Amino acid sequence: MSGTPVLEVRDLCKRFPVGGKGPFADKSWLNVVNAVSFRLDKGETLALVGESGGGKTTLARAAAMLQPPTSGSVRFEGREITGLDNRSLKPLRRRIQMIFQDPYGSLNPRLPVGAIIAEPLLVHGLGDKAERRQKAIRLAEQVGLKAGDMSRYPHQFSGGQRQRIAIARAIALQPCLIIADEPVSALDVSIQGQVLNLLRDLRDSRGLTYLFISHDLAVVRHFADRVAVMYLGRIVETAAAETLFDAPRHPYTRALIAAQPVIGRGKRMAADCLPGDPPSPLDPPSGCPFHPRCPLAEARCRESKPELEGEGGHRAACHVVNGGGT
Amino acid sequence: MSRFLLHRLLQSLVVLFLMSFVIYWLMGLMPGDPIDLMISADPKITSEDAARLRALYGLDKPITERYLNWLGAAVGGDFGFSRLYAKPVPEALLPALANTVRLLGITLFLSLLIGLPAGMAAAIRPYSKTDYTINLLAFAGISLPAFWLALLLIIVFSVFLGVLPAGGVAALGGDGFWDQAKYLVLPVANLTIASVGGHTRYMRAAMIEALRQDYIRTARAKGAGPARVVLGHALRNALIPVVTIVSLDFGFLFSGALITETVFAYPGMGKLIFDAIMGNDYNLALVALLFVTLLILIGNLLADLAYAWLDPRISYR
Amino acid sequence: MLEAIETSQDPTAAALEVRGLEVVFATDAGPLKAADKVSFAVPAGRTLGLVGESGCGKSISALAILGLVPPPGLIIGGQILFNGDDLASLPERRMEDIRGARVSMIFQEPMTALNPVFSIGSQVAEALRIHRRTSRPEAWKAAVEMLARVGIADADARAGDYPHQLSGGMRQRAMIAMALICRPEVLIADEPTTALDVTTQAQILDLMMAMQRDLGLAILFISHDLGVISEIADEVAVMYAGAIVERAPAGELFERPLHPYTQGLIETLPGTGPRLPRLPAIAGQVPDLGALPRGCRFSDRCPLADDECGASEPTLAAAGERRRVACWKAAP
């Protein structure tokens, strides 16, 4: 746990202009990520969870400098990378790779699998043609594809196989950090387990660090070391995975866990499901952003924004559970 | 909405202004000027005369200066004098414009009236006999060369049957409705046959796309019959892309019916612009081309308004 | 078989019964059997969960009930018994009277399933206009009431909104209002919560259960998510590659799955128990309907498969009192 973290993000904000174009339009800002900080140590898996619109994907993309953050600091292996131009970022891009939810959308349909896997090597000018080919075959075998698959095209594969292709391509440059954005959400249940096992094997054999984005709490509980729960662009709770699921503190985390369907629990009892929809980030509520839906909300929750507080790496942003007098 | 309109109108003005310069400049690039034409018509003009005439008309000045002079006059409402027609430009332009509006307005109306339902009929059962028949006719219309079709129409209806005039706009002294309308029949038929195929194909494609959407399945699951599914649910969505095509046609039609106008000796805008350019009639060509630009801009604006009317997801603020 | 016929004549037994349904898609590579002798029944006031992975035929079976199988799909066999009629052989005109009025359906993606150019109020009202010939203002009034009933706050104003102006959860509520406004007896829900966030999913599941209690609805609930099925279904049918491989009351199925495929599905889910370093995964890929293995369709991925399984296909046979399983190896 000591040493330089692979990724350290501090007070990262990302906002987008919204509203009409042209000289007469109103402009306003959509604050998608709001003052988020976290660190990711080597070999660790941090999961970002939360519902759509929480800012998980934007945070990950900003942290990887795919979309430069509006403000805040991102240190990758100890080095500040915000403000770097594309040329200086290029060597870093080798070390940070992404895997997406829909592998089909990220695979060029006109290239055979061998060329897709070897493409990052080509882009970064590594090896000659024969070496790249050899390397691509080795990578394909590592992710459970056959050497014979190399000349086939993405559409000839099932969803799970395509995700394996995307993974092979992602590890081709021997990255140290992989950002996996809902990597198993589009896969069938019987395939999901296979791909999660593969990601875990690669982590163990290659010492990979994962920033793992998922809406599926069961998958996160199985796969992550640490979890950060996001709501409306903020981290509202963060803890080691076991701690978070065994003793969630923030009411939003509790509601998420309670809403997650579990097999074999019997028919659901209509009870304490969270009311309403997440509010619009264009018009966020005052004080704690969760207060309009929160069963515990008090007067102070409407007035002041709670800080992320707590001990032993388990921190929550909630006035009520963090205690303290009113 | 009003803010959007204001924004778009300003935008259109800027485009019009830029276009006026581009057109002016392009005409300046053309070889020859009106004085050259005078020389070729009258060999007695000496080069000193020519130079004097150029200075008189301001043709010896640099093009930007000439443009600014023209612009200043045009803003003041003076569009100059048409050399070819020997009258002020607006007077030369307006009759042609009226003819064109009549010819192409009717054509566009007929083409949509036939093309949209035909496209829909084809889309309801793709690859059926109806679809194949409609497609065959549409492609025939698209593929027939306009000049050839025009000649064919003249041969059949004017020469053999003798029921319709071969060209022109009106007989001397004939100002009854039929007297004027019969001159329009062949050119309208010619242009409609040429454009209806395109409208049919666009409508067919848009309709097939709309009928593939999930909400069509929802409508059917709700118990909607075929008529309600097609006319109630698919049509409005299918019209959205068709509006784009029609708005593009709008500007194009007002400038591009040259061949038809020529074959039928119909004095419309296409013919006018062509003659003005060939005759080095700067003033007339310039204003006519700008007018076409304006019509295209209006067409686009109408299309944007139609989008907002058809599609609630589009709102202009 | 005799038993099934007797029970189906009891009007309270099944609101909807599907028997031996076969749906075939004619493709260039030959006919594909998307639904192969699918049989199930949904009693009034109860929920049957139809669970399976992509391409297993669950959605096609559901669409077949309403006669909405997209071309080139065709129902080539079986019966769909509803209220004494066989929907599989009913003329289109009469199907239109049943769709949306007596058997309704809601879909996965409420954004694309709603028509983007009409307000949700008019889309909900349309069902009444079609089936009851209600006047426009009355239908609108009823639609507003229905929208309020499915939990849309300020329904009067929201009814004029267009689908893109609503959140995913609100859109799905509008879909439910549209499906239920004519008081149908059967609701078919095809992955109705898959596109929603978990807290919204919980709201929609609760809403569906409340509407079921109020209206005595028979619900056919289709999902790939075993957790959701476990929380909403009374009985579960598991589909694999076009056929039902196991059918059982929900509690028994999740407690003691009999078919190796069901067992595999349940085991591979990361659960609430202790964390395992690796998930027990089902080997291989979901098969292509055009290239099913010989014999049992699960035999190429099954850990228990032997020669017998590759030789002939097991039928869905009784295994205990209320259970059925299609497996040579399953011990009842």
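Just so it is clear, the model here is predicted, and its values are computed rather than measured.

A tally of helices and strands in chain C yields 13 helices and 12 strands. In terms of C-alpha radius of gyration, chain C reaches 21 Å, essentially the compact-globule figure of 20 Å for 332 residues. Overall, the C-alpha framework of chain C stretches about 65 × 50 × 40 Å when taken along its three principal axes. Counting all 332 residues of chain C, 57% fall into the buried class. Accessible surface for chain C amounts to roughly 13300 Å². Of this, 52% is attributable to carbon and sulfur atoms.

Residue and element names in this part refer to chain C. Domain assignment breaks chain C into domain 1 (13-102 + 184-268 + 289-331) and domain 2 (113-183). With centres defined by C-alpha atoms, the gap from domain 1 to domain 2 works out at 29 Å. The contact between domain 1 and domain 2 buries some 1300 Å² in all, and 69% of this surface belongs to carbon and sulfur atoms. Looking only at domain 1, the three residues that lose the most surface to domain 2 are Pro-184, Leu-207 and Met-211, adding up to 34% of its buried area. Counting across the domain 1 and domain 2 interface gives 1 salt bridge. Of the charged contacts, one joins Asp-214 and Arg-149 as a salt bridge, the two residues approaching to 3.6 Å between their closest N and O atoms. Where domain 1 touches domain 2, the interface holds 3 residue pairs in polar contact (both at pLDDT 80 or more). When contributions to the side of domain 1 that touches domain 2 are tallied by element, the ones reaching two or more residues are helix 3 (92-98) and helix 9 (198-215). When the residues that make up the side of domain 1 that touches domain 2 are grouped by side-chain class, the tally is 11 nonpolar, 3 polar and 5 charged.

Let us now look at the packing of aromatic side chains. Residue and element names in this part refer to chain A. Tallying each qualifying case throughout the model produces 12 aromatic pairs over all chains. On the numbers, 4.7 Å between centres and 35 degrees between planes, the contact of Phe-212 with Phe-223 is tilted. Of this pair, Phe-212 sits in strand 8 (residues 209-213) while Phe-223 sits in helix 7 (residues 217-223); the two residues are 11 residues apart in sequence, bridging distant segments of the chain. Overall, the relative accessible area of 1% leaves Phe-212 in the buried class. For Phe-223, a relative accessible area of 0% gives the class buried. Taken together, a centroid distance of 4.5 Å and an interplanar angle of 55 degrees make the contact between Tyr-231 and Tyr-252 tilted. Remark: Tyr-252 occurs in helix 9 (residues 251-259) and Tyr-231 occurs in strand 9 (residues 226-231); sequence separation between them is 21 residues.

Residue and element names in this part refer to chain A. Applying the stated criterion across every chain, the model contains 0 disulfides over all chains. Take Cys-301: it sits in no disulfide, and the sulfur closest to it among the cysteines is that of Cys-288, at 6.0 Å. Residue classification places Cys-301 among the buried positions, given a relative accessible area of 5%.

This brings us to the packing of helix 8 (residues 168-180) of chain C against helix 9 of chain C. Residue and element names in this part refer to chain C. Running from N to C, helix 8 and helix 9 cross one another at 15 degrees; their axes reach a closest spacing of 10 Å. Our classification of the angle between helix 8 and helix 9 gives roughly parallel. Where helix 8 crosses over helix 9, the handedness of that crossing is right-handed. On helix 9, the residues that touch Gly-169, Gln-172, Arg-173, Ile-176 and Leu-180 of helix 8 are Thr-200, Gln-203, Ile-204, Leu-207, Met-208, Met-211 and Leu-215.

Time to look at the interface of chain A and chain C. At the junction of the two partners, chain A supplies 44 residues and chain C supplies 46 residues. For the pair chain A and chain C, the two sides together bury roughly 3900 Å², of which 50% comes from carbon and sulfur. It is Ile-263, Lys-267 and Arg-268 of chain A in chain A that bury the most area against chain C; as a group they hold 19% of the surface buried on that side. Between Asp-201 of chain A and Arg-278 of chain C there is a salt bridge whose closest N-O contact spans 2.6 Å. Linking chain A to chain C there are 21 residue pairs in polar contact (both at pLDDT 80 or more). The set of elements that each furnish at least two residues to the side of chain A that touches chain C consists of helix 6 (189-206), helix 7, helix 8 (241-246) and helix 9 of chain A. Classifying every residue of the side of chain A that touches chain C gives 20 nonpolar, 12 polar and 12 charged.

Quick look at the domain arrangement of chain A now. All names here are of chain A. As assigned here, chain A comprises domain 1 (7-95 + 175-322) and domain 2 (105-174). For domain 1 versus domain 2, the separation of C-alpha centres amounts to 30 Å. Contacts between the two partners involve 16 residues from domain 1, matched on the other side by 15 residues from domain 2. Here domain 1 packs against domain 2, burying approximately 1400 Å² in sum over the two surfaces, 62% of which is carbon and sulfur. By the criterion of area lost to domain 2, the three top residues of domain 1 are Arg-94, Leu-198 and Arg-206, representing 42% of everything that side buries. Linking domain 1 with domain 2 are 0 salt bridges. For the pair domain 1 and domain 2, the interface holds 4 residue pairs in polar contact (both at pLDDT 80 or more). Elements that contribute at least two residues to the side of domain 1 that touches domain 2 include exactly helix 2 (86-95) and helix 6. The element best represented in the side of domain 1 that touches domain 2 is helix 6, accounting for 7 residues. Split by residue class, the side of domain 1 that touches domain 2 holds 11 nonpolar, 1 polar and 4 charged.

So, how was this worked out
Residues numbered from 1 in each chain as written. Chains lettered and ligands numbered in written order. Predicted model: local features only at pLDDT ≥ 70, side-chain atom pairs only at ≥ 80, totals over all residues. Heavy atoms only, no water. Helix = DSSP H or I, 4+ residues; strand = E, 2+ residues; numbered from the N terminus. Rg over C-alpha atoms; globule rule 2.2 N^0.38 Å. Buried < 20%, exposed > 50% of the residue type's maximum accessible area, 1.4 Å probe, protein only. Areas by Shrake-Rupley, 256 points an atom, 1.4 Å probe, with all protein chains shown as cover. Domains from an automatic or database assignment. Buried area = accessible area lost by both parts, 1.4 Å probe. Salt bridge = Lys/Arg side-chain N within 4 Å of Asp/Glu carboxyl O. Polar contact = N/O pair within 3.5 Å; in protein donor to acceptor, adjacent residues only side chain to side chain. Nonpolar A, V, L, I, M, F, W, Y, C, P; charged D, E, K, R; others polar. Phe/Tyr/Trp six-rings, centres within 6.5 Å; stacked < 30°, edge-to-face > 60°. Disulfide = S-S within 2.5 Å. Axes fitted to C-alpha atoms, helices over the stretch in contact; angles between N-to-C directions. Parallel < 35°, antiparallel > 145°, perpendicular 65-115°, else oblique. Left-handed = near helix turned anticlockwise from the far one by under 90°. Contact = heavy atoms within 4.5 Å.

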